[in-house]
Amino acid sequence: MDIDAAFENAGQESGLQIWRVEKMHPVPVPSNLHGEFFSGDAYLILYTIKNRSGGAQSDLFFWQGTDCSQDERGAVAIFAVQLDDHLGGHPVQRREIQGYESSQFMALFKSRGGIKYKPGGVASGFQHVETNEVDVKRLLHLKGRRSVRAYEVPLSWSSFNKGDCFIIDLGENIYMWCGSMCNRFERLEAMRMASGIRDNERCGRGNVNLLEESAPPELIEVLGPMPELPDAEVVDTSADTSNRKMASLWKVSDANEDMKLTEVSANNPFQQSMLESGDCFILDNGGGGRIFVWKGSAASKDERQNALKMAEDFIQNKNYPRSTQVEILPEKGETPLFKQFFKDWKDGDEAEGLGRTYTSGSIANIPLVPFDAASLHDTPAMAAQHGMIDDGSGQVEIWRIEGLDKVAVDPVGVLYGGDCYLILYTYTQGGRQQQIIYMWQGLSASQDEIGRSAFLAVELDDSLGGAPVQVRVVQGKEPAHLISLFGGKPLITFAGGTSREGGQSEAAETRLFQIRRNSASGTRAVEVDAVAANLNSNDAFLLTMPSATYLWLGAGSNAMEKEAGACLSSVLDVEATEITEGSEPDDFWDALGGKSEYQTTLQLRTTTDLHPPRLFVCCNKSGNFLIEEVPGEFCQSDLAPDDVMLLDTWEQVFVWIGNEANEIEKNGALPSAERYLETDPSGRGSNISIATVKQGHEPLTFTGWFLAWDPDMWNDDFFEKAKNKFQIA
């Protein structure tokens, strides 16, 4: 198959490349338009990472808009196969359907503010309205639960419903309209987006007003009287775990010179030995929303090229929805989601079974992970999951907001909760200079500073020609790429205070910092309350007090956290005495208010890497048990009071019940968790305990999985607190 000229430089450099299908040919999309997708078009998206040995690893996506033609759908699939062949057949491929994108796809555009849908098609000459002028009218429709997406829709009451949130952008006045049946995630995202339009696009001009399913006179003037609105459609976009037990495995083979699809097994979990390098296979997740295509390394070219077509036919013959995701995996490039369907899966030199569990009596046997933050970027699937643009080795400049201006500070990765900062990151991609502006806003910063940081970010953006991507970051929710910018050193965040000259508040005599490596192999050091209950055997902690400083190494801590503790000691200009869990002197406990219970549940680090803790929101409002995973790193604020949540730590499952969850969800929580485990393809269900916890009464074995757990969070009205923070009337 000849390669299209548009693909000649594909995968040559690290980063993102996008092509749009135009008149049955792939056409490169400029980088400043990455993240904008027209519903009438189809796109190819390639994410490449160069590793230190000079090789490259890639993820390949082909995206189909809801209004693109059948010819374009077919063409983009053919181009995906062509590009895959050009890259040696190594990329993981995924078919993406508008409105049903995978978390891996969404993560690619996280640092760019997410993806944006545009009606029409570029090829058809559609031009969208620029929104940097105050005189603008548009309507944004926000829908979803954990992954809320915004759609630009016609400015008409016919676009509204009671179940979602909408932003009516009239330039000077921006209205955040909340339907009576919308969820808290849509509300919070609408707040962020509405305030972002005001602060970033309007340079702080304009007013944001909250409407609770109502229409003031100024809105009626634009839209007319508000009619009776429909309820939201119930759209099942989550994984129904009851279907996972019905998964089946099929072989695609041309052994007899005739391409055939043959069922291999309908009994899962499957055996890894069922996959043969000389063929391709389709793993059908029983209507669970996903089809996997596995390409054996010795499969014929015809088999590899026809496997995708057979998967498309398979979806049609099974009457599965068009939104069914298709993930195409090369041999030795399998994802964890695929591997979980195989009970005996083993990679190369991986040990048999689930790994050993260590108790406090065998701490010395815990293998330590080398402190090498760069190793993260050798795995494109993980990098994509965490929204990594590059390896963080570019140029970093940081300014602190002071009054009406910004003041340069050393880029050492130390941020105070009482301050706001602008962080400019400059890097080279595809031979061109690219830039990102992070707006970091401390939880204790004043409203004036928060507003000023947004204004100065726009001013900095203008001075750089308007090319940088702007990313707003709230303390505690730092993306993995931001954490990677400080040369392998940890990101250190103080609970409050400021680094302003002459404005520093006196630090407490006793301070405690929790040091944790995240799932993307970055480290953070976060100041927490100095009480023994905040200790965690899986982490390292630095305790400073007038008489001594201790670097406490929990039984499950690792070398990266130990190294980060030494770095934190240097920043604080203290000399720390290293102590291991179980060998604490008396003054250690005295400084923490006395010895008390803390999280001591251990999970071997290599096992945690293979099976990281996962948080799900559980919902049975539609009559079926549905679960949707919280994307990226989760935190305490992801626990929704109006939901039932499921925390899977691999060795235990917790069911967390929010105070505002409905009776059906409360009564169905435990059976739902049992079904979740029963249908797990790994077969571990019968050996796992289930604990039910209530909001506000969480045990240490639950809170220990969350970085910097705040026991007072539930005392505040989260929505009202957020509304005040975003200055919404």
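Fair warning: this is a prediction, and the values are worked out from it, not measured in the lab.

Chemist: Account for the overall build of the protein chain, with residues named and values stated.
Modeler: A count of helices and strands for the protein chain gives 15 helices and 34 strands. The buried share of the protein chain, reckoned over its 729 residues, is 53%. Here the contacts in the protein chain between residues at least 6 apart in sequence split such that 67% fall between residues at least 24 apart. Here the protein chain has roughly 31,600 Å² of accessible surface; of this, 47% comes from carbon and sulfur atoms.

Chemist: Any details on the packing of aromatic side chains? Residues and values, ideally.
Modeler: A complete count under the given rule lists 27 aromatic pairs for this structure. Centre to centre, the rings of Y550 and F588 are 6.0 Å apart; their planes meet at 75°, and the pair counts as edge-to-face. Residue Y550 is found in strand β28 (residues 549-553), and its partner F588 is found in helix α11 (residues 586-591); the two are separated by 38 residues along the sequence. Judged by its relative accessible area of 9%, Y550 falls in the buried class. F588 gets classed as buried once you look at its relative accessible area, which sits at 1%. Taken together, F541, Y550, W552, F588, W589 and Y598 form an aromatic cluster joined through their ring pairs. When the ring centre of W399 is taken as origin, the NZ or CZ atom of K406, which lies over that ring, is 5.6 Å away.

Chemist: Tell me about the pairing of strand β11 (residues 173-178), and please be specific about residues and values.
Modeler: Within β11, five of the six residues are buried, which leaves it mostly tucked inside the rest of the structure. With five bridges joining them, strand β10 (residues 165-169) and β11 adopt antiparallel strand pairing. Bridge pairing in β11 places I167 opposite M176. Here β10 hands over to β11 after three residues, with G171 in that stretch at a positive phi of 90°. The sheet contact formed by β11 and strand β12 (residues 207-212) spans six bridges and is parallel. Each bridged residue has a counterpart across the sheet, and for Y175 the counterpart in β12 is N209.

Chemist: Tell me about empty space enclosed by the protein, residues and numbers included.
Modeler: Applying the stated rule across the entire model yields six cavities of 30 Å³ or more. Taken as a whole, the second largest cavity encloses approximately 80 Å³ of empty space. Taken together, V81, D84, D85, Q93, V293, K295, R304, Q305, A307, L308 and I328 make up the lining of the second largest cavity. For the lining of the second largest cavity, the secondary structure elements donating two or more residues are α1 (70-86), β16 (290-295) and α5 (301-317). Looking at the lining of the second largest cavity element by element, the count peaks at four residues for α5. Grouping the amino acids of the lining of the second largest cavity by side-chain chemistry returns five nonpolar, two polar and four charged.

Chemist: Could you give me a rundown of the confidence of the model for the protein chain, with the residues and numbers involved?
Modeler: Averaged over every residue, the pLDDT of the protein chain is 76; residues scoring 70 or more account for 77%. Scored below 50 in pLDDT, residues 123-135 makes 22 contacts in the model with residues more than four places away or belonging to other chains.

Chemist: Give me the lowdown on helix α10 (residues 559-572), citing residues and values where you can.
Modeler: In a regular helix each residue adds 1.5 Å, so 14 residues correspond to 20 Å; α10 covers 20 Å between its end C-alpha atoms and thus fits that length. If you check which residues of α10 are buried, you get A559, M560, E561, A564, G565, C567, L568 and S569. Between a side-chain oxygen at the N-terminus of α10 and the backbone nitrogen of M560 the separation is 3.0 Å; the capping residue is N558. Within two residues after α10, D573 carries a phi angle of roughly 60°, on the positive side.

Chemist: Can you break down the packing of α1 against α5 residue by residue, with the values?
Modeler: Running from amino to carboxyl end, α1 crosses α5 at an angle of 145°, the nearest separation of the two axes being 10 Å. The crossing of α1 and α5 is right-handed. For the pair α1 and α5, the contacting residues are A77, V81 and D85 in the first and K301, R304, Q305 and L308 in the second. Residue classes in the contact of α1 with α5 are distributed as three nonpolar, one polar and three charged.

Chemist: Could you give an account of the pattern of salt bridges, naming the residues involved and the relevant values?
Modeler: All chains considered together, the criterion is met by 14 salt bridges. Residues E478 and R524 are paired through a salt bridge, measuring 3.1 Å at the closest nitrogen-oxygen approach. Of this pair, E478 sits in the loop between β23 (469-474) and α9 (480-483) while R524 sits in strand β26 (residues 523-528); the two residues are 46 residues apart in sequence, bridging distant segments of the chain. Like E478, the residue R524 is buried in the burial classification. Across the pair D539 and R516 runs a salt bridge whose closest N-O atoms are separated by 2.8 Å. In this pair, D539 is assigned in the loop between β26 and β27 (540-544) and R516 in strand β25 (residues 511-517), connecting sequence segments 23 residues apart. Overall, D539 belongs to the buried group, its relative accessible area being 1%. Shared partners join several salt bridges into a network, and the residues in it are D59, R94 and E327.

Chemist: Run through the side chain of Q695, naming residues and quoting values.
Modeler: The topology assignment puts Q695 in the loop between β34 (689-694) and α14 (700-703). If we skip the residues at most four places from it in the chain, Q695 touches P641, W656, I657, G658, N659 and W714.

Rules used in this analysis
Residues numbered from 1 in each chain as written. Predicted model: local features only at pLDDT ≥ 70, side-chain atom pairs only at ≥ 80, totals over all residues. Heavy atoms only, no water. Helix = DSSP H or I, 4+ residues; strand = E, 2+ residues; numbered from the N terminus. Buried < 20%, exposed > 50% of the residue type's maximum accessible area, 1.4 Å probe, protein only. Contact = heavy atoms within 4.5 Å. Areas by Shrake-Rupley, 256 points an atom, 1.4 Å probe, with all protein chains shown as cover. Phe/Tyr/Trp six-rings, centres within 6.5 Å; stacked < 30°, edge-to-face > 60°. Lys NZ or Arg CZ within 6 Å of the ring centre and 35° of its normal. Pairing = 2+ DSSP bridges. 1 Å grid on protein atoms, 1.4 Å probe; cavity = no way out; pocket = protein on both sides within 12 Å on 5 of 7 lines; lining within 4 Å. Points joined across faces, edges and corners; volume = space filled by probe spheres on them. Nonpolar A, V, L, I, M, F, W, Y, C, P; charged D, E, K, R; others polar. pLDDT = per-residue confidence, 0-100. Expected span 1.5 Å × (residues − 1). Polar contact = N/O pair within 3.5 Å; in protein donor to acceptor, adjacent residues only side chain to side chain. Axes fitted to C-alpha atoms, helices over the stretch in contact; angles between N-to-C directions. Left-handed = near helix turned anticlockwise from the far one by under 90°. Salt bridge = Lys/Arg side-chain N within 4 Å of Asp/Glu carboxyl O.

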